Amino acid sequence: MDTLVFLGTGDAMGVPRVYCDCDVCMEARTTGTNRRLRSLVMIEGPEGGFLIDCGPDWRAQMESQGLRFAEKILVTHAHFDHIGGLPEWADACRWLGRKGELYAPQEVIDTILKQFPWLARHMNVTAVDHGIELGGWKIKGWKVCHGYNGFSYAYRLEKNGFRWVYCSDSIGLNEKEKKPLHDLDLLVLGTSFVHETAPYESRSVYDMREAAELLAEVRPKRAVYTHMSHDVDLNGDIPLPSNVELARTGMKMELA
Ligand SMILES: O=c1ccn([C@@H]2O[C@H](COP(=O)(O)O)[C@@H](O)[C@H]2O)c(=O)[nH]1
């Protein structure tokens with residue numbers, strides 16, 4: 001049986017935010033329920049495992065699991081909070097004398113290699129525009145609106161009849177972008193805020209009110225929210241649809 005492990009559940013700045021003294025950030029610094037590293041998940045299973053994304057907390061996330069090597073990483077988009085750990089991964093590949101396997105859509109690969117051109121010396125890079133199979137999962141990615149910050153990709157994964165989507169960075173999806181979100185056993189969706197009051201045109205990720213509307217439309221059996229900022233207090237009483245839970249650092253779920 002495959003397991004999904006949430007190694008990072010935070011937004012681009014993580015929780016606590018360096019500059020912030022709000023109650024959630026202070027709690028994150030002390031008891032730590034709200035301490036959130038940048039969003040990253042691991043899929044583990046008998047046919048092999050892989051990570052989705054490799055943000056700047058990758059090193060700490062590997063250490064937290066006692067992992068010494070990541071062989072395969074699938075990337076959603078080329079923003080710092082999702083690729084900032086790639087140079088450290090490349091260094092690990094170099095010093096272990098092992099090649100990593102990096103997977104992403106071609107336009108994402110192009111941006112990554114422009115920023116970190118030496119990566120290609122330490123890993124094989126594969127474009128996934130026509131789909132890919134990893135750990136026995138049939139995976140199809142599609143481009144999704146990331147609002148003010150451009151675009152990201154979401155991934156739909158299917159194995160033994162279990163269907164789920166990882167969509168960490170999106171907002172205001174149109175009908176075409178929503179289509180692969182139907183008939184899901186699980187939707188992992190990024191929701192940076194409970195209710196984000198910033199002007200819509202300056203925003204880049206769903207908030208939880210908008211996510212509830214999306215869920216009512218696409219009706220996954222279950223949903224987990226991730227990519228959460230310091231607006232989200234895991235000790236608080238956040239109104240959520242009955243089939244939704246909030247991801248916690250280290251949380252594990254069976255994918256079956
Ligand atoms: O072209 C870009 C634009 C933004 N970034 C970084 O991505 C995140 C965006 O945060 P979200 O809340 O997920 O929208 C932030 O760290 C920006 O600095 C980038 O790397 N490239």
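In this text the structure is predicted, and so the values were computed from the model without any measurement. (Residues numbered from 1 in each chain as written. Predicted model: local features only at pLDDT ≥ 70, side-chain atom pairs only at ≥ 80, totals over all residues. Heavy atoms only, no water.)

Asker: Looking at this structure, how should I read the packing of aromatic side chains?
Answerer: This structure, assessed with the given rule, holds four aromatic pairs. Centre to centre, the rings of tryptophan 137 and phenylalanine 162 are 6.5 Å apart; their planes meet at 75°, and the pair counts as edge-to-face. Of this pair, tryptophan 137 sits in strand β8 (residues 137-145) while phenylalanine 162 sits in strand β10 (residues 162-167), placing them 25 residues apart in sequence. Ring plane angle 85° and centroid distance 6.3 Å describe the contact between tryptophan 137 and tryptophan 164, whose orientation is recorded as edge-to-face. Here tryptophan 164 lies in strand β10 and tryptophan 137 lies in strand β8, a separation of 27 residues in the sequence. Through pairs of rings, three or more aromatic residues link up here, namely Trp137, Phe162 and Trp164. Here the guanidinium or amino end of lysine 143 rests over the ring plane of phenylalanine 151, the centre of that ring lying 4.2 Å away. (Phe/Tyr/Trp six-rings, centres within 6.5 Å; stacked < 30°, edge-to-face > 60°. Helix = DSSP H or I, 4+ residues; strand = E, 2+ residues; numbered from the N terminus. Lys NZ or Arg CZ within 6 Å of the ring centre and 35° of its normal.)

Asker: Can you help me understand the side chain of threonine 226 in this one?
Answerer: In this structure, threonine 226 sits in strand β12 (residues 223-226). The class of threonine 226 is buried, set by a relative accessible area of 1%. Excluding anything up to four places from it in sequence, threonine 226 contacts Phe6, Gly8, Thr9, Ser39, Val188, Leu189, Gly190, Thr191 and Ala247. (Buried < 20%, exposed > 50% of the residue type's maximum accessible area, 1.4 Å probe, protein only. Contact = heavy atoms within 4.5 Å.)

Asker: Please clarify how the site of the ligand should be interpreted in this entry.
Answerer: Every residue close to the ligand is listed here: Ala12, His79, Phe80, Asp81, His146, Asn149, Asp169, Ser204 and His227. The separation between an oxygen atom of the ligand and a polar side-chain atom of asparagine 149 is 2.6 Å. Take serine 204: an N or O atom from its side chain is 2.6 Å from an oxygen atom of the ligand. Taken together, the residues of the shell around the ligand sort by class into two nonpolar, five polar and two charged. (Near = heavy atom within 4 Å. Polar contact = N/O pair within 3.5 Å; in protein donor to acceptor, adjacent residues only side chain to side chain. Nonpolar A, V, L, I, M, F, W, Y, C, P; charged D, E, K, R; others polar.)

Asker: Explanation requested: the pattern of salt bridges in the structure shown.
Answerer: Oppositely charged side chains are able to pair whenever their charged atoms sit close together. Using the criterion set out here, one finds 16 salt bridges in the structure. Notably, a salt bridge pairs aspartate 2 with lysine 159, separated by 2.9 Å at the nearest N-O pair. One end of the pair, aspartate 2, is in the segment before β1 (3-8); the other, lysine 159, is in strand β9 (residues 151-159), and 157 residues separate them in sequence. You can call aspartate 2 buried: its relative accessible area is 5%. Three or more residues are tied together by salt bridges with common partners; here these are Glu196, Arg203, Asp207, Arg209 and Glu210. (Salt bridge = Lys/Arg side-chain N within 4 Å of Asp/Glu carboxyl O.)

Asker: Just to check I follow, could you spell out the sheet that holds strand β6 (residues 123-127) for this structure?
Answerer: The pairing of strands in a sheet comes from backbone hydrogen bonds and takes either a parallel or an antiparallel form. Across the sheet, which stays open at both edges, the seven strands sit in the order β6-β5-β4-β3-β2-β1-β14 with mixed pairing between neighbours. In this open sheet, the two strands that pair with only one neighbour each are β6 and β14 (252-254). Ignoring strand direction, the axes of neighbouring strands in this sheet form an average angle of 20°. Relative to strand β5 (residues 100-104), strand β4 (residues 72-74) runs parallel, the two being bridged by three bridges. Residue pairing across strands places isoleucine 73 opposite leucine 102, the latter belonging to β5. (Pairing = 2+ DSSP bridges. Axes fitted to C-alpha atoms, helices over the stretch in contact; angles between N-to-C directions.)

Asker: It is not clear to me how the environment of cysteine 167 should be interpreted in this structure. Could you clarify?
Answerer: Position of cysteine 167 among the secondary structure elements: in strand β10. For cysteine 167, a relative accessible area of 1% gives the class buried. It is 7.3 Å that separates the C-alpha atoms of cysteine 167 and tyrosine 153, two residues lying 14 residues apart in sequence. Beyond its immediate stretch of four places on either side in the chain, cysteine 167 contacts Ala154, Val188, Leu189 and Gly190.

Asker: Explain the sheet that holds strand β11 (residues 186-190) here, please?
Answerer: The strand order across the open sheet formed by seven strands is β7-β8-β9-β10-β11-β12-β13, and the pairing between neighbours is mixed. The sheet terminates laterally at β7 (132-134) and β13 (244-246), the two strands that pair on one side only. On average, each strand axis in the sheet is inclined to that of its neighbour by 25°, with strand direction left out of account. Strand direction decides the pairing type here: β10 and β11, joined by four bridges, are parallel. Residue pairing in the sheet places cysteine 167 in a bridge with leucine 189 of β11.

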